[in-house]
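# A look at the structure
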Amino acid sequence: MAGTEGPRIDAAAAADRPGARAPAPAAEFGDHDLAVIGNGAVAALINPAGRVVWFCFPRPDGDPVLHALLGGKDPQSGFLDIALTGQSGVRQRYLPNTAVAETTLSDGEGGSVRVLDFCPCLPRFGRMYRPPMLLRRIEPLAGRPRVTLRLRPGFDYGATPPAISLGSNHIRYAGSRQSLRLTTDMALSYLANEADFTLDRPMHLLLGPDEPVPEALEELVPRFLDETVAYWQNWVRDLSVPFDWQEPVIRAAITLKLCCFEDTGAIMAALTTSLSEAPGSGRTWDYRFCWLRDAYFTVGALNRLAETRTMEHFVRFLLDAVQRDGTAEIAPLYPIAPGITREERIAEALAGFGGDGPVRIGNAAFTQRQNDVYGSIILSASQMFWDERLPLRGDAALYRRLCPFGRTALAHALEPDAGPWEIRGTTEVHSFSAAMCWAAVHRMGLIAARVGEAAEAADWRTKADTLRGQILARVIVAEGGWISGVLDRPMLDASVLLLPELGLLSHGDPRFLATLDLFGERLLRNGFLMRYIEQDDFGEPETAFLICTFWYIDALAGAGRRDQALALFEKILARRNHVGLLSEGIAPGSFALRGNFPQTYSQVGLILSAMRLSRSGEEGLWRA
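Residues numbered from 1 in each chain as written. Predicted model: local features only at pLDDT ≥ 70, side-chain atom pairs only at ≥ 80, totals over all residues. Heavy atoms only, no water.

Time to look at the overall build of the chain. Along the chain, the regular secondary structure elements total 15 helices and 30 strands. Taken over the C-alpha trace, the chain has a radius of gyration of 25 Å; the compact-globule value for 624 residues is 25 Å, and the two agree within 12%. For the C-alpha atoms alone, the extent of the chain along its principal axes is close to 75 × 55 × 50 Å. Burial statistics for the chain: of 624 residues in total, 61% are counted as buried. The long-range fraction of contacts in the chain, counting pairs at least 24 apart against all pairs at least 6 apart in sequence, stands at 66%. Accessible surface for the chain amounts to roughly 22,900 Å². Of this, 50% is attributable to carbon and sulfur atoms. Averaged over its 63 positive side-chain charges, the chain has a centre that lies 2 Å from the centre of its 74 negative ones. (Helix = DSSP H or I, 4+ residues; strand = E, 2+ residues; numbered from the N terminus. Rg over C-alpha atoms; globule rule 2.2 N^0.38 Å. Buried < 20%, exposed > 50% of the residue type's maximum accessible area, 1.4 Å probe, protein only. Contact = heavy atoms within 4.5 Å. Areas by Shrake-Rupley, 256 points an atom, 1.4 Å probe, with all protein chains shown as cover. Lys, Arg positive; Asp, Glu negative; His and termini not counted. Charge placed at Lys NZ, Arg CZ, Asp CG, Glu CD.)

Pasting the structure below:
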């Protein structure tokens, strides 16, 4: 494993490293070929040419002051970029085992430039320092390259251009409700007038709050870079990774970490809004919220990698958010921190990803009933009652706080809801939701026994057994003996692949094997699994959700069909973008990535499938 390499490496030799691409024209990259950087306070997306096209401020669910990813009424605004005169090739990668993006630009005359982008994350003053800022270091590598730097932010979701004023070493960009400051050690006149100049020394940019920077950037940025690289490499070193596919798993784990808002412990479903599931479909959603279901899966994946702090912080966030909400029904999603509304509205000034709108702010799914949320709460907290490593383990007090969720799960288990795919037009009793409610009740029995409540444990177990029988009596389709996605009628739904993972039945159960066979015939498209194929409120789905394919891979492996699972896993790995990231879905025909990015679901699926399919260290080292 790589991981000891420091940040100031010989970038000119980067193409010789395993996995690095040779310089390529930007036209060879796809729409989702984006690198993500962040520090748990803010995050940014960078295209292969080094243009920052998405940066929300002052936190990941805030105003996208750099919004070129979603266009705008001024198509030449909303970005930070660097243009190399005569540019002929680009190369982008991450520094090994970090969230530091490296972009190398080359011209046709032997000149080249290296750009390092990161958000600082380092220990300082006895605590972790995660300021809401983006840092950029630009280094000449060869020749005498001429470059042009441009910063064109916008405010209020692209509706308000900035008022610009120059200071001694900074430019201030003022919006209607907040301001940004770019501090730099380059000539302000070049930046303000977007003039080209010869890059003959390293230069630095700091984009963040409108506050003075007391240190010289040529000293501060390299130091922050070194310490940020060290933070990420130390974080990776503590992961318990599988023997095989370590690099994809590490990249997926870092990406999950970037989707965590460290201030509160919330976990975002993705870092973007309104990247369409399919062109012209209208399926454009704001994913910059904490879905309890998505967060449960993220916690589970990081726990498998021995990264339990995310679980601890999330459970604290979860209980606080639910209590603060003050409603009897638990919502499926919450803001990552107070101050942002969930009400859905349209950002009129933004055209959409590739012009495909609408761009939505907020998500109306928060008004839905999704009964699986109770299972998501209880299952997210369950490991805290058994993990002896934790400084603050689950106890009787936490059990008591979970009891109302278990009772509500029991009450709602067989009631209609919008289901895991958040259908807006209809409600039914969804099999996955019912199974998650059963899992909530079942786990409450185990937890009660763990904290010494024997009588309550027996009561929970009795209720769970009864509920399990009721679900299985209504979920199996008589003709064919397979598992339906809803109770009382046949419906193909990929989410039932999770029923063995929850413990409702086994992977070897004939009813589950029949379901696997039917999915292979009806839902599989060119190696990728559709979530369902029925018409919904937006028509028939066109995009395969990547998490569903990972669920299918895990189910095949659990049923003993390892070779088939392995072939599909390798196929999905090949569809990661140029820096190893996945979006929400994929077009089964063109293999183009679709949907919001980077999607936690997809990174979770990669991690769990890799861990299920990997050889042990003994097999890998001695029986190759």
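Attention now goes to the side chain of Asp 286. Assignment of secondary structure puts Asp 286 in the loop between β19 (266-267) and β20 (290-291). At 2.9 Å, the side chain of Asp 286 and the side chain of Arg 288 are in polar contact. Contacts of Asp 286, omitting those with residues within four sequence positions, involve Thr 272, Thr 273, Ser 274, Trp 291, Arg 360, Ile 361, Gly 362 and Asn 363. (Polar contact = N/O pair within 3.5 Å; in protein donor to acceptor, adjacent residues only side chain to side chain.)

With that settled, consider the pairing of strand β1 (residues 35-38). The alternating pattern of β1 places Ala 35 and Ile 37 and Val 36 and Gly 38 on opposite faces, both of which are buried. Pairing of β1 with strand β2 (residues 43-46) involves 4 bridges; the strand directions are antiparallel. Within β2, the residue paired with Gly 38 across the bridge is Ala 43. The hairpin turn running from β1 into β2, its antiparallel successor, is 4 residues long, and Gly 40 in that turn takes a positive phi close to 85°. (Pairing = 2+ DSSP bridges.)

Inspection of the secondary structure puts Thr 228 in helix α2 (residues 217-237). For Thr 228 and Pro 48, which are 180 residues apart along the polypeptide, the C-alpha to C-alpha distance reads 22 Å. What Thr 228 contacts, discounting residues up to four positions off in sequence, is Val 100, Phe 118, Cys 119, Pro 120, Cys 121 and Leu 122.

For the rest of this paragraph, the subject is the sheet that holds strand β7 (residues 101-107). What the 8 strands build is an open sheet, ordered β6-β7-β8-β11-β17-β15-β14-β13; its pairing is antiparallel. Looking at strand neighbours, the two that pair on one side only are β6 (87-94) and β13 (163-166), the edges of this open sheet. Strand-to-strand twist of the sheet, defined as the mean angle between neighbouring strand axes without regard to direction, takes the value 15°. Both strand β15 (residues 179-184) and strand β17 (residues 203-209) contribute to a ladder of 5 bridges, which runs antiparallel. (Axes fitted to C-alpha atoms, helices over the stretch in contact; angles between N-to-C directions.)

Below, the discussion takes up the sheet that holds strand β30 (residues 593-594). Within the open sheet, the 3 strands sit side by side as β28-β29-β30. Their pairing is antiparallel. Looking at strand neighbours, the two that pair on one side only are β28 (544-545) and β30, the edges of this open sheet. Pairing analysis gives 2 bridges linking β28 to strand β29 (residues 585-586), with the strands arranged antiparallel. When the sheet's bridge partners are listed, Ala 544 is paired in β29 with Ile 586.

Turning next to the packing of helix α4 (residues 292-304) against helix α6 (residues 373-382). It is the contact of α4 with α6, at a shortest axis distance of 9 Å, that shows an interaxial angle of 30°. Judged by the angle between their axes, α4 and α6 are roughly parallel. Here α4 runs over α6; the crossing is left-handed. Contacts from Leu 292, Arg 293, Tyr 296 and Val 299 of α4 reach α6 at Val 373, Ser 376, Ile 377, Leu 379 and Ser 380. (Parallel < 35°, antiparallel > 145°, perpendicular 65-115°, else oblique. Left-handed = near helix turned anticlockwise from the far one by under 90°.)

You can see Ala 68 is positioned in the loop between β4 (63-66) and β5 (79-84). When its relative accessible area of 24% is taken as the criterion, Ala 68 is described as partly exposed. With 324 residues separating them along the chain, Ala 68 and Leu 392 place their C-alpha atoms 44 Å apart. Contacts of Ala 68, omitting those with residues within four sequence positions, involve Val 53, Ser 77, Gly 78 and Phe 79.

Another point: unusual backbone geometry. Following Gly 357, the chain continues into Pro 358 via a peptide bond in cis, with omega recorded as 0°. Following the sequence through the fold, Pro 358 ends up in the loop between β22 (345-346) and β23 (360-361). Even without a glycine there, the phi angle at Phe 125 is positive, about 55°. The topology assignment puts Phe 125 in the loop between β9 (122-124) and β10 (127-129).

So, on to the confidence of the model for the chain. Looking at the chain as a whole, its pLDDT mean stands at 93, while 94% of the residues score no less than 70. Confidence over residues 1-23 falls short of pLDDT 50; this stretch has 49 contacts with residues more than four positions distant or in other chains. (pLDDT = per-residue confidence, 0-100.)

Two numbers describe how helix α3 (residues 246-258) lies on helix α14 (residues 600-613): the axes approach to 9 Å, and their chain directions differ by 145°. Where α3 crosses over α14, the two elements pack in a sense that is left-handed. For the pair formed by α3 and α14, the contact residues are Pro 248, Val 249, Ala 252, Ala 253, Thr 255 and Leu 256 on the first element and Thr 600, Gln 603, Val 604, Leu 606, Ile 607 and Ala 610 on the second. The residue makeup of the contact of α3 with α14, split by class, is 9 nonpolar, 3 polar and no charged. (Nonpolar A, V, L, I, M, F, W, Y, C, P; charged D, E, K, R; others polar.)

Here the focus is the nonpolar core. By size, the foremost hydrophobic cluster in this structure holds 191 residues, and its most contacted members are Phe 55 and Leu 497. If we ignore the near neighbours within four places in the chain, the residues touching Leu 497 are Phe 512, Leu 516, Phe 519, Leu 529, Cys 548, Trp 551, Tyr 552 and Ala 555. Listed in part, the 14 residues of the second largest apolar core include Leu 95, Leu 206, Phe 224 and Val 229. (Core = buried A, V, L, I, M, F, W, Y, C linked by side-chain atoms within 4.5 Å.)

We now examine the packing of aromatic side chains. All chains considered together, the criterion is met by 18 aromatic pairs. Consider the rings of Phe 289 and Trp 291, whose centres lie 6.5 Å apart with planes at 80°: the pair is edge-to-face. The pair formed by Phe 289 and Trp 291 is uniform in burial state, with each residue classed as buried. Seen in terms of ring centroids, Trp 421 and Trp 551 are 6.1 Å apart; in terms of plane orientation they differ by 40°. Their pairing is tilted. Of this pair, Trp 421 sits in the loop between α7 (396-412) and α8 (431-450) while Trp 551 sits in helix α12 (residues 546-558); the two residues are 130 residues apart in sequence, bridging distant segments of the chain. Overall, Trp 421 belongs to the buried group, its relative accessible area being 11%. Judged by relative accessible area, which is 8%, Trp 551 ranks as buried. Within the aromatic cluster, the residues linked to one another by ring pairs are Tyr 296, Phe 297, Trp 421, Phe 545, Trp 551 and Tyr 601. The ring of Tyr 129 carries Arg 124 above its face, with NZ or CZ at 4.9 Å from the centroid. It is Arg 251 that lies over the ring of Tyr 94; its NZ or CZ is 3.8 Å from the centre. (Phe/Tyr/Trp six-rings, centres within 6.5 Å; stacked < 30°, edge-to-face > 60°. Lys NZ or Arg CZ within 6 Å of the ring centre and 35° of its normal.)

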